[in-house]
Amino acid sequence: MKTPYDYKLVLPDGQSCTIEVHPKHVKNCTLRLTRDGRFTASVPSRLSSAQIAEFLERHRMWVATKAVLFAEQHNKRLAYANMFPLWGRLLSAAELLKHYEQLSSMRCNGHEHLKLEKLCIDVYHLETERALLPLVEELEATMHVHAAHWSVRSMKSRWGSCTPASARIRINARLAAYPPECLRVVVAHELVHLIERGHTKRFHMLLDCYAPNNREVMAILKRDPILLAAENVSSEV
Ligand SMILES: [Zn+2]
């Protein structure tokens, strides 16, 4: 296995962009932009440096376009640096603290020492747990299914997961950053797994029946919750 290295790609505007190249046991070359704005390429380890360079040079325009879009999003995000999205709305740091105190019945004395990001995750957990109960009752009654156990977790790559054999369902706490219909669709999705295990045609027919807006919601969940909530603010004005 070859070691990773940086490739300097010169973009059409003359600026150079670093691509982290990771030779791996993979079939094809894949170029991606990470959430934190780094370009990474996984490439088959059998390829020569010239072949890798040829692949990266061929994708110059793609990299240039993505870099501009990322910079735009990043600048927009900076404008909301001290705002926190909750159920599709933006809260200030003071509102977040007040909300946390109400939810947890705890006073945040000396809260200036508290990390707001950590507090925000705690709020997401408490909020999701609180919203889950009535939602589960309603959906289970409509769908005629019952989950044996629910848990709210901080998950990196999934919005929810279900183990049909034990009827255990896990829900991502970060759903509280998005509009409430997102939690509803994820809960419905996981409950459908208790009827149909895999993502089959029947699964999607059932999901379309219990959560007709599931496709729109999945598109929303791909977006940055801060920018999404910021759009709602400006459309309400
Ligand atoms: Zn699923």
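What you see is a predicted model; the values in this text were computed from it and never measured. (Residues numbered from 1 in each chain as written. Predicted model: local features only at pLDDT ≥ 70, side-chain atom pairs only at ≥ 80, totals over all residues.)

Asker: An account of the environment of alanine 165 is needed here, citing residue identities and associated values.
Answerer: Examined against the element boundaries, alanine 165 turns out to sit in the loop between β8 (160-163) and β9 (168-172). Sequence spacing of alanine 165 and arginine 197 is 32 residues, and the spatial spacing of their C-alpha atoms is 9.3 Å. (Helix = DSSP H or I, 4+ residues; strand = E, 2+ residues; numbered from the N terminus.)

Asker: I'd like a rundown of the packing of helix α5 (residues 180-192) against helix α6 (residues 201-210), residues and numbers included.
Answerer: Put simply, α5 and α6 touch, their axes get as near as 10 Å, and they point 140° apart. Judged by the inter-axis angle, α5 sits oblique to α6. Between α5 and α6 the crossing geometry is right-handed. Facing Ala188, His189 and Val192 of α5, the residues of α6 in contact are Phe203, Leu206, Leu207 and Tyr210. For the contact of α5 with α6, the class distribution of residues is 6 nonpolar, 1 polar and no charged. (Axes fitted to C-alpha atoms, helices over the stretch in contact; angles between N-to-C directions. Parallel < 35°, antiparallel > 145°, perpendicular 65-115°, else oblique. Left-handed = near helix turned anticlockwise from the far one by under 90°. Contact = placed C-beta atoms within 7 Å. Nonpolar A, V, L, I, M, F, W, Y, C, P; charged D, E, K, R; others polar.)

Asker: Hey, could you go over the sheet that holds strand β4 (residues 39-44) for me, with residue numbers and the actual values?
Answerer: Overall, mixed pairing links the 4 strands, which are arranged β1-β2-β4-β3 in an open sheet. For this open sheet the edge positions go to β1 (5-10) and β3 (30-33), each flanked by a neighbour on one side alone. Neighbouring strand axes in the sheet, compared pairwise and without regard to direction, differ in orientation by 30° on average. Where strand β2 (residues 16-24) and β4 come together, 6 bridges link them in parallel fashion. Within β4, the position partnered with proline 23 by the bridge is valine 43. Packing of helix α1 (residues 49-58) onto the sheet brings it into contact with β1, β2 and β4, and relative to β1 it is tilted by some 45°. (Pairing = 2+ DSSP bridges.)

Asker: Requested: an account of helix α4 (residues 116-143), with residues and values cited.
Answerer: Between its first and last C-alpha, α4 extends 38 Å over 28 residues, near the 40 Å set by a 1.5 Å rise per residue. At leucine 132, α4 is bent by approximately 30°, the largest bend along its length, and proline proline 134 sits one to four residues beyond. Contacts from the buried residues of α4 go to β5 (83-86), α3 (93-104), β7 (149-153), β9 and α5. (Expected span 1.5 Å × (residues − 1). Bend = angle between axes of the 7 residues up to and from the residue.)

Asker: Explain the sheet that holds β9 to me, and be specific about the residues and the numbers.
Answerer: Taking strand neighbours across the sheet as the criterion, the 3 strands line up as β7-β9-β8 in an open arrangement whose pairing is mixed. Pairing within the sheet leaves two strands with one partner each, and these edge strands are β7 and β8. Between one strand axis and the next, the sheet turns by 15° as a mean value, whatever way the strands run. Strand contacts of α4: β7 and β9, with the helix running at about 150° to β7, the strand carrying the most contacts. The strands that α5 touches are β8 and β9; relative to β8, the one it contacts most, it runs at about 20°.

Asker: An account of the domain arrangement of the protein chain is needed here, citing residue identities and associated values.
Answerer: Domain boundaries assigned for the protein chain yield domain 1 (5-78) and domain 2 (84-236). Computed from C-alpha coordinates alone, the two centres of domain 1 and domain 2 are separated by 33 Å. (Domains from an automatic or database assignment.)

Asker: Talk me through the pairing of strand β6 (residues 89-92); I want residue IDs and the actual numbers.
Answerer: For β5 and β6, the ladder comprises 4 bridges, and the chain directions are antiparallel. Counterpart to phenylalanine 84 in the pairing with β6 is leucine 91. Where β5 folds back onto β6 in an antiparallel hairpin, the turn is made up of 2 residues, including tryptophan 87, whose phi is positive at roughly 50°.

Asker: For α5, give the residues involved together with the corresponding values.
Answerer: For α5, built from 13 residues, the straight-helix expectation of 18 Å at 1.5 Å per residue is met to within 8% by its first-to-last C-alpha distance of 19 Å. Buried within α5 are the following residues: Cys182, Leu183, Arg184, Val185, Val186, Val187, Ala188, His189, Glu190, Leu191 and Val192. On its buried face, α5 is in contact with α4, β8, β9, α6 and α7 (214-220). (Buried ≥ 20, exposed ≤ 12 C-beta atoms within 10 Å, placed from the backbone.)

Asker: Requested: an account of the nonpolar core, with residues and values cited.
Answerer: Ranked by internal contacts, the top residues of the largest apolar core, which has 28 residues, are Leu175, Cys182, Val186 and Ala188. Elements supplying a minimum of two residues to this core: β5, α3, α4, β9 and α5. The element that contributes the greatest number of residues to this core is α5, accounting for 8 residues. With sequence-adjacent residues up to four places away left out, alanine 188 is seen in contact with Leu139, Leu207, Tyr210 and Ala211. (Core = buried A, V, L, I, M, F, W, Y, C linked by C-beta atoms within 7 Å.)

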